[in-house]
Amino acid sequence: MRRVILVAGAVFIAVAPPCLSAAAYLAPSTQRMAERLKKIEEDADPLQNPFLNHRAAAIFERQLQQLLQQPVTTNTSARLVGMRYKLAYELLNA
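Quantities reported herein were computed from a predicted structural model and do not represent experimental measurements. (Residues numbered from 1 in each chain as written. Predicted model: local features only at pLDDT ≥ 70, side-chain atom pairs only at ≥ 80, totals over all residues. Heavy atoms only, no water.)

1. Concerning the overall build of the protein
Next up, step 1: A tally of regular secondary structure across the protein gives 5 helices and 0 strands.
Next up, step 2: The order of helices and strands in the protein, counted from the N terminus, is α-α-α-α-α.
Next up, step 3: Counting over 94 residues, the protein shows a buried share of 16%.
Next up, step 4: Expressed as a percentage of contacts within the protein between residues at least 6 apart in sequence, the contacts between residues at least 24 apart total 32%.
Next up, step 5: Here the protein has roughly 8100 Å² of accessible surface; of this, 65% comes from carbon and sulfur atoms. (Helix = DSSP H or I, 4+ residues; strand = E, 2+ residues; numbered from the N terminus. Buried < 20%, exposed > 50% of the residue type's maximum accessible area, 1.4 Å probe, protein only. Contact = heavy atoms within 4.5 Å. Areas by Shrake-Rupley, 256 points an atom, 1.4 Å probe, with all protein chains shown as cover.)

What follows is the structure, encoded as structure tokens:
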């Protein structure tokens, strides 16, 4: 009996149509919505959007690296602490 069930299951799996064929077709409205969502994501300002912490962290990391490459006289400790705090905050929330 177990052998019959196993054979029937194997035949069903071999004959069943792949699920990916239904996903290959996208309605034009679905394609437009996907394009619209992608554009919204690309145009979003990571410094204003609290859900884009990973992008904001990359911005703050670049700013901190630029600040560290400047002469020491222009880097006040308060400015460095502030930049490091912003970067740490965004990394924790990313």
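After that view, the rundown keeps rolling.
2. A look at the side chain of E90
Next up, step 1: If you trace the backbone, E90 turns up in helix α5 (residues 77-93).
Next up, step 2: Polar contacts involving the side chain of E90 include one to the side chain of N53, which spans 2.7 Å.
Next up, step 3: Ignoring any residue separated from it by four or fewer positions in sequence, one finds E90 in contact with N53, A56, A57 and F60. (Polar contact = N/O pair within 3.5 Å; in protein donor to acceptor, adjacent residues only side chain to side chain.)

3. Details of α5
An α-helix turns once per 3.6 residues; consequently, residues spaced three or four apart project the same way.
Next up, step 1: For α5, with 17 residues, the first-to-last C-alpha span of 24 Å sits near the 24 Å given by 1.5 Å per residue.
Next up, step 2: Listed as buried for α5 are L80, M83, L87 and E90. Taken down its axis, α5 places every buried residue within 105 degrees of arc, on the same side. When the buried face of α5 is taken as reference, the exposed residues oriented beyond 90 degrees from it are S77, A78, V81, Y85 and L92.
Next up, step 3: The inward-facing, buried residues of α5 contact α4 (53-69). (Expected span 1.5 Å × (residues − 1). Arc of directions from axis to C-beta.)

4. Focus: α4
Next up, step 1: The terminal C-alpha atoms of α4 lie 24 Å apart, and with 17 residues this matches the ideal 24 Å at 1.5 Å per residue to within 8%.
Next up, step 2: Listing the buried residues of α4 in full gives N53, A56, A57, I59, F60, L64 and L67. End-on view of α4: buried residues confined to an arc of 160 degrees, all on one side of the axis. More than 90 degrees from the buried face of α4, the exposed residues found are H54, R62, Q66 and Q69.
Next up, step 3: Where α4 is buried, its residues meet α5.

5. Description of the pattern of salt bridges
Next up, step 1: Enumeration according to the criterion identifies 1 salt bridge in this entry.
Next up, step 2: In this structure, the salt-bridge partner of D43 is K39, at a minimum N-O distance of 2.6 Å. Of the two residues, D43 and K39 are both situated in helix α3 (residues 28-43); the distance of 4 residues between them amounts to about one turn of the helix. (Salt bridge = Lys/Arg side-chain N within 4 Å of Asp/Glu carboxyl O.)

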